[in-house]
Amino acid sequence: MLKELIFLTLLQYSRSLLSDPICTNGYTLVNNKCLKLFIDKVTYKNAERNCMDVGATLVTVKNAIDNHAISTVAGSSANTIWMGLFCLDSDPSKCLWDDSTVSAELYSNFAPGFPHVDVGKCVYYSSQGALTGKWISGDCDMDKLAYICELPYTHADDCQYNYNGHCYSFYDAPLPFTQAQEKCEKECGNLASIHSPNENRYLATLSNRLISGYNIYIGGMWPLPNVFNWIDGSQWSYNNIDPSYSHGPNCMTISNSKSSSVASGFWFSMNCYQANAFICKTPTGTKCPANQPVVQVTPVPYNPSFCNNSILLAPGVISSPDFPLPYSGFQSCTYQLSTLGSFNILLRFSDFQLESGKDFVKVYDGSSENSKLLGSFTGQEDAFALVSSGNTMLVTFKTGSTKGSAGFSARYTPYSFSR
Ligand SMILES: *[C@@H]1O[C@H](CO)[C@@H](O)[C@H](O)[C@H]1NC(C)=O
């Protein structure tokens, strides 16, 4: 199935590469980049914000040809133009391009005496007079200048959100991960993979405008702490997981600005059965038949549940088999948890959804089912936690029903009572 998916994707890519590059949003193709000059004079921040409205950045200049292109675009309409370059210090290697790629160490064309951060940390381009083509430091907040925005080129398609060779669609009506992916497949695409800071910025900007939900599914899957996959089979080449976030459930979301807990554009994972808004991505030029057959995907790679494993040493995560996909009927699992020395075990359930009265999780304060029962749980529960009195804990999961629910996931960590 994966092979078919990759083959289809390749087919679509090769088709889109055949068509000519075009620019969207009234931008002009110059040396394989899409540029647009804005002659209203604004601060650096406002210039950047205006570019971002369509997912663009301020213009970046990585070589002499790019540099010359700016004069061409500016013509005689503007003589000073903000570029997407910000200097932390008076040294080109400390100046960073707006697209978060590289510093200006590899190529720069500063006028003598610049960059000079005492004058300002932002940088503008002079397109007239003796300093034509040279870069000069400017005050980010005080100086008001014309500016040029930059977008990557794309290929012809009548879709509304066409960026860098792909069409994106934004769905505000929430669906679980698997159903969201099926919806994307019906339009011959996949849940969106993201491969650069610019693509991430484009999607974050449009999501803020088009989606009201806090969390938005993208096509990322995070089955293990260091394992990441894109559902479209592309390489995991860029990562924007919220750095304060450690591995949790499997399905990746991007946060929009309405979320208070995660900054806009950062990724974090959620349980795949939760319904969220989502973004689909399809190569431009894809002609999708009306009744596109949907490949039944199992989006989440095998996730070890540690059911019946020998002793599990804290810290770790246990779950029902196949979590976050529903477990199947008639399961019997034991999880033998332990920790070292004088520690206790803190067992924290983050997800809990079983068939009420038929399927049970039991937690014992010791190493066998003869130990004291700390609790027996069924149905749906909010997050909850239990603590052992010693350094072992036994968890059992027994199901009587034929059909499974979403299951449970719990993290166990060494814990020390403060005395
Ligand atoms: C776990 O062990 C129990 C008891 O031996 C067995 O009935 C059950 O099928 C096992 N479960 C799995 C998933 O291996």
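Cut-offs and rules
Residues numbered from 1 in each chain as written. Predicted model: local features only at pLDDT ≥ 70, side-chain atom pairs only at ≥ 80, totals over all residues. Heavy atoms only, no water. Pairing = 2+ DSSP bridges. Helix = DSSP H or I, 4+ residues; strand = E, 2+ residues; numbered from the N terminus. Axes fitted to C-alpha atoms, helices over the stretch in contact; angles between N-to-C directions. Disulfide = S-S within 2.5 Å. Buried < 20%, exposed > 50% of the residue type's maximum accessible area, 1.4 Å probe, protein only. Near = heavy atom within 4 Å. Polar contact = N/O pair within 3.5 Å; in protein donor to acceptor, adjacent residues only side chain to side chain. Salt bridge = Lys/Arg side-chain N within 4 Å of Asp/Glu carboxyl O. Domains from an automatic or database assignment. Contact = heavy atoms within 4.5 Å. Buried area = accessible area lost by both parts, 1.4 Å probe. Nonpolar A, V, L, I, M, F, W, Y, C, P; charged D, E, K, R; others polar.

A.B. asks: Help me understand the sheet that holds strand S20 (residues 316–319) in this model?
C.D. replies: Hydrogen bonds along the backbone pair up the strands of a sheet, which may run parallel or antiparallel. If you walk across this open sheet you meet the four strands as S20-S27-S22-S25, and the pairing is antiparallel. Both edges of this open sheet fall to S20 and strand S25 (384–387), since each of them pairs with a single strand only. Averaged over all pairs of adjacent strands, the angle between their axes in this sheet comes to 25°, without regard to strand direction. Pairing between strand S22 (residues 344–353) and S25: four bridges, direction antiparallel. Residue pairing in the sheet places phenylalanine 349 in a bridge with phenylalanine 384 of S25.

A.B. asks: Is there a simple way to explain the sheet that holds strand S21 (residues 332–338) in this structure?
C.D. replies: Strand order in the open sheet formed by five strands is S19-S21-S26-S23-S24, and the pairing between neighbours is mixed. Edge strands, defined here as strands with exactly one partner in the open sheet, are strand S19 (312–313) and strand S24 (373–377). Bridge count for S21 against strand S26 (residues 392–399) is seven bridges, and the pairing is antiparallel. Looking at S26, one finds that cysteine 333 is bridged to phenylalanine 397.

A.B. asks: Which parts of the structure should I look at to understand the state of the cysteines?
C.D. replies: Structurally, a disulfide amounts to a covalent bond that connects the sulfur atoms of two cysteines. Applying the stated criterion across every chain yields a total of nine disulfides. Each sulfur of the disulfide joining cysteine 184 and cysteine 280 lies 2.0 Å from the other. Taking the sign of the torsion about the S-S bond as the criterion, the disulfide between cysteine 184 and cysteine 280, at about -80°, is left-handed. Separated by 96 residues along the polypeptide, cysteine 184 in helix H4 (residues 177–186) and cysteine 280 in strand S18 (residues 276–283) bring together distant segments of the chain. For the pair cysteine 184 and cysteine 280, a shared accessibility class is recorded, and that class is buried. Note that cysteine 251 is cross-linked by a disulfide to cysteine 272, the S-S spacing being 2.1 Å. Residues cysteine 251 and cysteine 272 share a disulfide whose torsion about the S-S bond is about 95°; that sign makes it right-handed. One end of the pair, cysteine 251, is in strand S16 (residues 251–255); the other, cysteine 272, is in the loop between strand S17 (267–270) and S18, with 21 residues separating them in the sequence. Of the two residues, cysteine 251 and cysteine 272, neither departs from the other in class, the shared state being buried.

A.B. asks: What exactly am I supposed to notice about the site of the ligand here?
C.D. replies: Every residue near the ligand is listed here: Cys307, Asn308 and Ser332. Contact between the ligand and asparagine 308: an oxygen atom at 2.3 Å from a side-chain N or O atom of the residue. Within the contact set of the ligand, a nitrogen atom lies 3.3 Å away from a backbone nitrogen or oxygen of serine 332.

A.B. asks: Help me out: how do you make sense of the pairing of strand S27 (residues 407–415) in this one?
C.D. replies: Consecutive residues of a regular strand have side chains that alternate between opposite faces of the sheet. One ladder, built from four bridges, connects S20 with S27; its direction is antiparallel. Bridge pairing in S27 links isoleucine 318 to alanine 410. The pairing of S22 with S27 spans nine bridges and is classified as antiparallel. Bridge assignment links asparagine 344 to a residue of S27, and that residue is tyrosine 415.

A.B. asks: Explain the pattern of salt bridges here, please?
C.D. replies: Two side chains carrying opposite charge are able to pair once their charged atoms lie near each other. All chains considered together, the criterion is met by five salt bridges. Between glutamate 150 and lysine 33 there is a salt bridge; the shortest N-O distance is 3.2 Å. Here lysine 33 lies in strand S3 (residues 33–42) and glutamate 150 lies in strand S9 (residues 145–152), a separation of 117 residues in the sequence. Across this residue pair, the class does not change: glutamate 150 and lysine 33 are buried. Measuring nitrogen to oxygen at the nearest pair gives 2.7 Å for the salt bridge that ties glutamate 199 to lysine 281.

A.B. asks: Any chance you could explain unusual backbone geometry here in plain terms?
C.D. replies: Most peptide bonds take the trans configuration, and most residues that are not glycine carry a negative phi. Here the bond from phenylalanine 114 into proline 115 is cis, since omega is 0°, no more than 30 degrees from zero. Tracing the sequence through the fold places proline 115 in the loop between strand S6 (95–97) and strand S7 (122–126). The residue after alanine 314, namely proline 315, is reached through a cis peptide bond having omega 5°. Turning to its location among the elements, proline 315 is positioned in the loop between S19 and S20. With phi around 50°, asparagine 31 is a residue other than glycine that occupies positive phi space.

A.B. asks: Honestly, the domain arrangement of the protein in this entry has me stumped. Any pointers?
C.D. replies: Interface size is often expressed as the accessible area that is lost when the parts come together. Parsing the protein into structural domains produces domain 1 (20–151), domain 2 (157–283) and domain 3 (312–415). For domain 1 and domain 2, the distance between their C-alpha centres works out to 30 Å. If you look at the interface, domain 1 gives twelve residues, while domain 2 gives eight residues. Summing the contributions of domain 1 and of domain 2, the shared interface buries around 830 Å²; its carbon and sulfur component is 51%. Looking at the side of domain 1 facing domain 2, the largest losses of area belong to Met52, Asp53 and Gly55, adding up to 40% of the total buried there. At the boundary of domain 1 and domain 2, one finds one salt bridge. The salt bridge involving aspartate 98 is made with arginine 201; its shortest N-O contact spans 3.6 Å. At the junction of domain 1 and domain 2, the tally comes to two residue pairs in polar contact (both at pLDDT 80 or more). Here the residues of the side of domain 1 that touches domain 2 sort into five nonpolar, four polar and three charged.

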